[in-house]
Structures are given as C-alpha cells and as structure tokens.
Amino acid sequence: MLVGVVGKTNVGKSTFFKAATLIPVAIDDVPFTTIKPNRGMAAVRTPCVCRDLGVRDEPRNSKCIDGNRFVPVEMLDVAGLVKGAWKGRGLGNQFLDDLRQADALIHVVDAAGSTDEDGNRVPPGSRDPLEDVMEIEEEITRWIASILKRDWEKSVRTSETVRGDPLVVLSEKLAGLSVSRGEVAAALEKTGLAGTRLSSWKDEEINAFASAIYALKPKVIAANKADMKEAEANIESMRRSLSIPVIPTIAEAEVALRLAANRGLIDYLPGDQAFKIRPGAQLTSGQQDALKRIQQMLEKWGSTGVQQAINEVVLNQYGAIVVYPVEDVNKYSDSKGRVLPDAYLVRSGTTPKEFAYKIHTDLGEGYLYAVDAVTKQRLPEDKPLKNRVIIKIVSSK
Ligand SMILES: Nc1nc2c(ncn2[C@@H]2O[C@H](COP(=O)(O)OP(=O)(O)O)[C@@H](O)[C@H]2O)c(=O)[nH]1
Ligand SMILES: [Mg+2]
C-alpha cells in the first residue's frame, strides 16, 4: 500500500516525510523544492504478537523494538499543490498524477496559519488552515471530475452498450486512480446516481460524483506546526468543522527526536509520549535546550503526532490489518528458523488466498490451504483474515 503526503507548499510535507522515513530530502522555504516525488518506506507501529506468544522474534521485513512491530508502508512526498493545479498551474497535473497511486492520504496543513494560499510566509495566525483543507479538496475533486469528463461523449455511448449501467464505464475511467469498482458503486449510491443513465448527467452530477469519490479516499489531516501558539485554536476549529481525523503534528520535532535516537543520544521510539536522555550522552547546550522545548511540546500534545497520523490513516481509515506468514506452525518460523520474520499490512477483508497472491504469485496459484499457526486450524480460503493472525500457507508450487 502507498500513503501519499499531500498539501500546499511550505506546510511541512517534506519534513513530515523525512520524519516518517528518515530519508534526507530537500527541506527549504523555496516553493517547489520537492520537484521529483520522493518515495520512501515509513512504518506503522503495532503491538507485536511476540509478546503474546512469549517468543523471541527475528524480524526480516520489519522491525521489532520492545514488543512494538514497525511494519513497513510505502510513502510518497508530493510537491506542493497549488490552486489551479488541476488546470496545470504550477507543476499542476504532475502532482495530481503522482497521487493516482496513493491508497490513502495524509493531508498536511500549516495549523499555525503562517503560510498564504500559495505557500509564501505570512505572520502566524493570518491564514485559516481550514481554507487550505477546502482548497485542496476542491483541487483534487476538480481533477477527478476532469478525468471523468475526458471523452465524455464516448463514455456515454459505451455505457449505452452495457445496458446504460454507468458502473462499468466509470470504474474503467477511474481504474488508474486506485479507485475500486466497489468504491464507484458506493459513490453512485451516496449521490443518488445509481441506476441513472450517463446521458442524463450534467456538470453538476459529474462534480457531485467526483466529490463522493474523493470522500471515500482514506485520509487524515496532519495539523502541522502545532508547536506554534497560533495552532491550537485552528486545530479546535478544524476538528469542529471536519468529519475526518485532525491530528496535531510537530514534524520538525519528530525529525530531531529520530535523529537523536539514531545517534544514541536518547531513547525514543516513534509514537512515544516521552524520551529519555541516555546516561553519558554528550549533548551541547543547544541540543539540551532543543530537547527541553520538545519535551514541553510532548507534554502538551501527548506526542509529535507523526506516528499517530500514519497509524490512524493506515489502520483506521484505510483499514489495514497485520498478517504474519510463517512456514513452521510450531516454532512460528520460516524455513531457516527465523521466528516471526515478516509482517505485512493488508486491507481488512483480505482472504487467505488473496494474501497468498500478495506474497507471491506462485504461492497464490499453487494455493492448497492455510493454517492458523496458533490454533492449528485450517482457515477457510474465502473468509477474511483476522488482525495479527499468524498464518502458514500450503501451496503446490
Ligand atoms: N514550527 C514548525 N515549523 C515546521 C514544522 N515542520 C516543518 N516546518 C518548517 O516549515 C517550512 C517548510 O517545510 P517543508 O517540509 O519544506 O514544507 P513543504 O513545502 O510542505 O514540503 C520549513 O521552514 C520547516 O522547517 C513544525 O513542526 N513546526
Ligand atoms: Mg516539500
């Protein structure tokens, strides 16, 4: 799965991305610093099954620290969207095209209101971040509508050949946007357009449908720059007005904490509510001051919010579960004896057979049956997997 980090310029997208992946990327005040999309691996933090089972694991595709399994998820840092992007303004459609592949979105806003609509610096408090939320939603919705409107007459004709059912035609048009047929059906229901003929659709119907499609995209708002005093009131007002989760974030502080932890100066895991300076850590007075300030922010907000935003969008909004495939159901290990080597994120509803295909086409094609390693019971091939299941797949290939 792929999480896209979207938002206006200068709100802290690249800082968020760097914090989440700790890949050094260009961080700058200049608009369009991030011209090429950056891809990296972030992680979801989940309680590892190793503690429940009382085993010592040896992760390969993921990390387990103090009983926390960090499961990888791909992340894309997209350059700042600007108003009119859907018409090709700024780097326009390039941003939007990058977003096609995203299964879920983290929409970063400047909660302190310190950047204007084009991402230029303004005194904190002068911009209402709610407007940024609305504008980006508007851009993405218009963009979806513009894709639908391409070759509209042809789509209408094609839809008539499939008994006027728009579902097939619309699904095909949106297939490149990581929008499933089920989502198209849900958007048709929600807008009351199910069962109508495309030939009867005007701009209004197309726009309403595009908006419903965007509403289905799993997303959260990362209310960034929460360290600035102007942010608090804006966060409250966004929470009142929006139906999606608003998570206060301090991306800059998360970068500092992860770097300090990587250098062995502090004990800190992404998502923690506090950190500890390690005994004997050599800190400059500047570092000490910075850590003190960060400590105060953590006390105020509970965390830097970066890990929380990733977890929220992947686990709760997208609905991912964690699955641990193994070879040996007694040792919970792979063929080389590594205990609980891998953890995968898949969307809830995924069946054992679908999961087999996700790991390897051969495993899916040769699928015979699957076993729950804990209960040793066979799992029905068409029943959704449960979160944190440890599964052995038996395949003829
Ligand atoms: N106060 C504050 N500033 C931040 C935070 N995160 C990023 N910034 C600053 O915001 C500016 C833009 O950051 P950048 O990540 O390049 O934004 P992007 O254009 O959205 O990718 C930089 O000056 C960052 O240092 C934060 O959590 N708090
Ligand atoms: Mg950037």
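Because the structure is a prediction, the values reported are computed rather than measured.

**Examining the pattern of salt bridges**
Here is step 1: Per the stated rule, a full pass over the model turns up 18 salt bridges.
Here is step 2: When the shortest N-O distance is used, the salt bridge between Arg45 and Asp272 registers 2.9 Å. With Arg45 in strand β2 (residues 38-47) and Asp272 in the loop between β8 (266-267) and β9 (276-277), the pair connects residues that are 227 residues apart, well separated along the chain.
Here is step 3: A salt bridge links Arg69 to Asp57; the nearest nitrogen and oxygen atoms lie 3.1 Å apart. Linking Arg69 in strand β4 (residues 68-77) with Asp57 in the loop between α2 (49-53) and β3 (63-65), this pair joins segments that are 12 residues apart in sequence.
Here is step 4: When salt bridges that share partners are traced, they join Lys8, Arg127, Glu131, Asp132 and Glu135 into one network.

**Focus: the site of ligand 1**
Here is step 1: In the region of ligand 1, 19 residues are neighbours, and Asn10, Lys13, Thr15, Asp227 and Glu252 sit closest.
Here is step 2: In the model, an oxygen atom of ligand 1 is placed 2.7 Å from a nitrogen or oxygen of the Asn10 main chain.
Here is step 3: The side chain of Arg121 places a nitrogen or oxygen atom 3.1 Å from an oxygen atom of ligand 1.
Here is step 4: Burial of ligand 1 by the protein amounts to 89% of the accessible area it has alone, namely 580 Å².
Here is step 5: Secondary structure elements with two or more residues in the shell around ligand 1: α1 (13-21) and α10 (251-262).

**Points about the domain arrangement of the chain**
Here is step 1: If you check the domain split of the chain, you get domain 1 (2-141 + 218-314) and domain 2 (319-395).
Here is step 2: Computed from C-alpha atoms alone, the centre-to-centre distance between domain 1 and domain 2 is 31 Å.
Here is step 3: The interface is formed by 22 residues belonging to domain 1 together with 18 residues belonging to domain 2.
Here is step 4: Both faces considered, domain 1 and domain 2 share a buried interface measuring about 1600 Å² in area, 54% of it formed by carbon and sulfur atoms.
Here is step 5: Its largest share of buried area at the contact with domain 2, domain 1 owes to Val49, Glu58 and Arg60, together 33% of the area lost on that side.
Here is step 6: Counting the contacts that link domain 1 with domain 2 gives 12 residue pairs in polar contact (both at pLDDT 80 or more).

**Some words on the packing of aromatic side chains**
Two aromatic rings, taken as a pair, are described by how far apart their centres are and by the angle between their planes.
Here is step 1: For the structure shown, the criterion picks out 3 aromatic pairs.
Here is step 2: When the centroid spacing of 5.5 Å and the interplanar angle of 55° are considered together, the rings of Trp201 and Phe209 count as tilted.
Here is step 3: Its relative accessible area of 0% is what places Phe209 among the buried residues.
Here is step 4: Of the aromatic side chains, those joined through ring pairs into one cluster are Trp152, Trp201 and Phe209.
Here is step 5: The positively charged end of Arg347 is found above the aromatic ring belonging to Tyr318, 4.1 Å away from the centroid.

Cut-offs applied
- Residues numbered from 1 in each chain as written.
- Chains lettered and ligands numbered in written order.
- Predicted model: local features only at pLDDT ≥ 70, side-chain atom pairs only at ≥ 80, totals over all residues.
- Heavy atoms only, no water.
- Salt bridge = Lys/Arg side-chain N within 4 Å of Asp/Glu carboxyl O.
- Helix = DSSP H or I, 4+ residues; strand = E, 2+ residues; numbered from the N terminus.
- Near = heavy atom within 4 Å.
- Polar contact = N/O pair within 3.5 Å; in protein donor to acceptor, adjacent residues only side chain to side chain.
- Areas by Shrake-Rupley, 256 points an atom, 1.4 Å probe, with all protein chains shown as cover.
- Domains from an automatic or database assignment.
- Contact = heavy atoms within 4.5 Å.
- Buried area = accessible area lost by both parts, 1.4 Å probe.
- Phe/Tyr/Trp six-rings, centres within 6.5 Å; stacked < 30°, edge-to-face > 60°.
- Buried < 20%, exposed > 50% of the residue type's maximum accessible area, 1.4 Å probe, protein only.
- Lys NZ or Arg CZ within 6 Å of the ring centre and 35° of its normal.

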